[in-house]
Amino acid sequence: MTDHNAGLMAFVRARLDEEERIAREAGGDSWRCPPEQPGEIHDRTGSIAFSLRTHGYDRHIARQDPAYTLRRVETSRVLLDEYAEVAALDVDRPDDGFASGRAVGLGFVVRQMAAEHAHHRDYQVKWLPRFSH
């Protein structure tokens, strides 16, 4: 594996670890918006996690609950682990073989994952996804 790809994977793993920590600190619970109580977001016990009276924000926020975040982090780690197996083959001029194609495809996904955090001070522009014709 190249240092370039190792740094990319370390960056994405660190961001996933941060997201997991924040979700666990928020209780790791699923949230919901009871229709009879608009603007309230409740945790799994029925307690109010928080209240937001602006229509539309409550349902969006409830959908981004800690449990959803934990599931997304888990699936993202699976993709990252798959990429780790072939990251050394993810190069600017790949072979025509299956393994090389797998590496480039998974590399594109991992670079997209990193790009979600492009505002982070440790993000490197060289991790931008590669596009080919």
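Shown above is the structure to which this text applies.
The structure reproduced in this document is the subject of the present report.

Procedures and definitions
- Residues numbered from 1 in each chain as written.
- Predicted model: local features only at pLDDT ≥ 70, side-chain atom pairs only at ≥ 80, totals over all residues.
- Heavy atoms only, no water.
- Salt bridge = Lys/Arg side-chain N within 4 Å of Asp/Glu carboxyl O.
- Helix = DSSP H or I, 4+ residues; strand = E, 2+ residues; numbered from the N terminus.
- Buried < 20%, exposed > 50% of the residue type's maximum accessible area, 1.4 Å probe, protein only.
- Expected span 1.5 Å × (residues − 1).
- Arc of directions from axis to C-beta.
- Core = buried A, V, L, I, M, F, W, Y, C linked by side-chain atoms within 4.5 Å.
- Polar contact = N/O pair within 3.5 Å; in protein donor to acceptor, adjacent residues only side chain to side chain.
- Contact = heavy atoms within 4.5 Å.

Moving on to the pattern of salt bridges. If the charged atoms of two oppositely charged side chains come close together, the side chains can form a pair. Inspection of the entire model under this criterion finds 11 salt bridges. Between Glu20 and Arg24 there is a salt bridge, and its shortest N-O distance comes to 3.2 Å. You can see Glu20 and its partner Arg24 sitting in helix H1 (residues 3–25), four residues apart, about one turn around the helix. Note on Arg24: relative accessible area 52%, which makes it exposed. Residues Glu25 and Arg21 are paired through a salt bridge, measuring 3.4 Å at the closest nitrogen-oxygen approach. Placement of both Glu25 and Arg21 in helix H1 is noted, with a separation of four residues, approximately one turn of the helix. Among the charged side chains, a salt-bridge network with shared partners connects Asp17, Glu20, Arg24 and Arg77.

Spanning 18 residues, helix H4 (residues 98–115) covers 25 Å between terminal C-alpha atoms, matching the ideal 26 Å at 1.5 Å per step. Every buried residue belonging to H4 is among Ser100, Ala103, Leu106, Gly107, Val110, Arg111, Met113 and Ala114, and all of these are buried. Summarising the axial view, the buried residues of H4 lie within an arc of 150°, below the 170-degree limit, and thus occupy one face.

This next bit is on the nonpolar core. In terms of nonpolar packing, the biggest core is built from 17 residues, with Leu8, Val12 and Tyr83 touching the most fellow members. Among the secondary structure elements, those contributing two or more residues to this core are H1, helix H3 (66–86) and H4.

Position of His42 relative to the elements: it lies in strand E1 (residues 40–42). Accessibility expressed as a relative area gives 5% for His42, which makes it buried. Of note is the side chain of His42, whose polar atom sits 2.8 Å from the backbone oxygen of Gly46. Excluding its chain neighbours within four sequence positions, the residues that come into contact with His42 are Ser30, Trp31, Arg32, Pro34, Gln37, Ser47, Ile48 and Ala49.

The quantities given are spatial measurements derived from coordinates; they are silent on function.
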